[in-house]
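Next come the chains, spelled out residue by residue.
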Amino acid sequence: MADDGVVRGGPVAFGRSRWWLALFGILVLALPWAGVAAERPVLTGVWVLDEGVEAVAGERLKEALEARSSRPRRGGKAGEGRDGTAPPVVPGLPRAIHQTLDIVHEEPRIRITPGDGQMEHLFTDYRGASVSARGASQVVATAGWEGDALVVESHLRGGMRMLRRYRLDPQDDSLSMTLELSGRWWPEPVSIPLRYQQATATAAAEAGRK
């Protein structure tokens, strides 16, 4: 009887209510993160280094390498470690400033292929690490978003840490990349600003042949 005072199906109804409440809570928590992911800039494109910044950036990197080699070490001469050995050569560093970048980006993955370097496959949410070989050494890299900048952190031979901060400029759709070098062999951290422009495949090929 409907009016016998007995609550029918109470446990089942309560269980279903808890399930719907849990699902609603998950959706509420996920919506802000979905909005953030949707707002991420898309870095896909073939990018060519601005000629105006190429010479300046190259000179800045050259000065940083010279300062690294001439720094006096405790227990050794200038350019030597405590045991008198020279600082290790960092494979790939002289080519850290690339003429072209071919980027394929679809969250949460990105593939970065320099025109004169090795392809990188990375997750953009700090999920795991990418391990690649440069010369006789391994390079361990991770990537993730810091605001509107995609930060790729690489650890190379000799205790060197290399950060690359990629950011799209909404005013002219250029790609800025700040290269930051630091580590125990460096007198001080070095920051080198770079700027890339979208290019056609032909222009990218011409830049890669320079």
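About the criteria used
- Residues numbered from 1 in each chain as written.
- Predicted model: local features only at pLDDT ≥ 70, side-chain atom pairs only at ≥ 80, totals over all residues.
- Heavy atoms only, no water.
- Helix = DSSP H or I, 4+ residues; strand = E, 2+ residues; numbered from the N terminus.
- Contact = heavy atoms within 4.5 Å.
- Areas by Shrake-Rupley, 256 points an atom, 1.4 Å probe, with all protein chains shown as cover.
- Buried < 20%, exposed > 50% of the residue type's maximum accessible area, 1.4 Å probe, protein only.
- Pairing = 2+ DSSP bridges.
- Salt bridge = Lys/Arg side-chain N within 4 Å of Asp/Glu carboxyl O.
- Polar contact = N/O pair within 3.5 Å; in protein donor to acceptor, adjacent residues only side chain to side chain.

A. Fine view of the overall build of the chain. When helices and strands are tallied, the chain shows 3 helices and 10 strands. Starting at the N terminus and walking to the C terminus, you meet the elements of the chain as α-β-α-β-β-β-β-β-β-β-β-β-α. Relative to all contacts within the chain whose residues are 6 or more apart in sequence, the contacts with residues 24 or more apart total 43%. A total of about 12700 Å² of accessible surface is found on the chain, and carbon and sulfur atoms cover 58% of it.

B. Quick look at the environment of phenylalanine 123. Note that phenylalanine 123 resides in strand β4 (residues 120–123). Taking relative accessible area as the criterion, phenylalanine 123 reaches 27% and is therefore assigned partly exposed. Residues phenylalanine 123 and arginine 111, 12 residues apart in the sequence, show an inter-C-alpha distance of 8.9 Å. For phenylalanine 123, the residues in contact, after removing those within four places along its chain, are Pro108, Arg109 and Ala143.

C. Summary view of the pairing of strand β9 (residues 175–183). Sheet analysis places strand β8 (residues 160–168) next to β9, joined by 9 bridges and oriented antiparallel. Each bridged residue has a counterpart across the sheet, and for methionine 160 the counterpart in β9 is glycine 183. Bridge analysis of β9 against strand β10 (residues 190–198) gives 7 bridges, and the strand direction is antiparallel. Paired with serine 176 across the two strands is arginine 195, which belongs to β10.

D. Here's a closer look at the pattern of salt bridges. A full pass over the atoms with the stated rule returns 7 salt bridges. Here aspartate 148 and arginine 167 are joined by a salt bridge, their closest N and O atoms 3.0 Å apart. You can see aspartate 148 sitting in the loop between β6 (137–146) and β7 (149–156) and its partner arginine 167 sitting in strand β8, a full 19 residues away along the chain. Glutamate 153 serves as the salt-bridge partner of arginine 161, at 3.0 Å between the closest nitrogen and oxygen. Of the residues examined, glutamate 153 reaches a relative accessible area of 21% and is grouped as partly exposed. Salt bridges linked by common partners bring Glu146, Arg165 and Glu180 together as one network.

E. Structural view of unusual backbone geometry. Each neighbour pair has its own omega, and for glutamate 107 with proline 108 the value is 0 degrees, a cis peptide bond. The phi dihedral of tyrosine 126 is positive, around 60 degrees, even though this residue is not glycine. For tyrosine 126, a relative accessible area of 41% gives the class partly exposed. Phi is positive for aspartate 173, close to 60 degrees, though the residue is something other than glycine. Of note, aspartate 173 is situated in the loop between β8 and β9.

F. Layout of the side chain of histidine 98. By the element assignment, histidine 98 lies in the loop between α2 (51–70) and β2 (100–106). Residue class for histidine 98 comes out buried when judged on its relative accessible area of 14%. Setting aside chain neighbours within four positions, we find histidine 98 in contact with Leu49, Pro114, Asp116, Gly117 and Tyr196.

G. Here's a closer look at the environment of serine 176. Mapped onto the elements, serine 176 comes out in strand β9. Sequence-wise, serine 176 and leucine 194 are 18 residues apart; in three dimensions their C-alpha atoms are separated by 5.8 Å. Residues within four places of serine 176 in sequence aside, it is in contact with Arg165, Tyr166, Arg167, Leu194 and Arg195.

H. Inspection of the pairing of β8 at higher detail. As paired elements, β7 and β8 share 7 bridges and run antiparallel to each other. Residue pairing across strands places serine 154 opposite methionine 162, the latter belonging to β8. Here β7 folds back onto β8, and the loop between the two strands holds 3 residues, one of which, glycine 158, carries a positive phi near 85 degrees. Hairpin connection between β8 and β9: a loop of 6 residues separates the two successive antiparallel strands, and aspartate 173 in this loop has a positive phi of roughly 60 degrees.

I. Representation of the side chain of glutamate 120 within the structure. Relative to the elements of secondary structure, glutamate 120 occurs in strand β4. Classification of glutamate 120 by relative accessible area gives buried; the value is 6%. At a separation of 2.8 Å, a polar atom in the side chain of glutamate 120 contacts the side chain of arginine 164.

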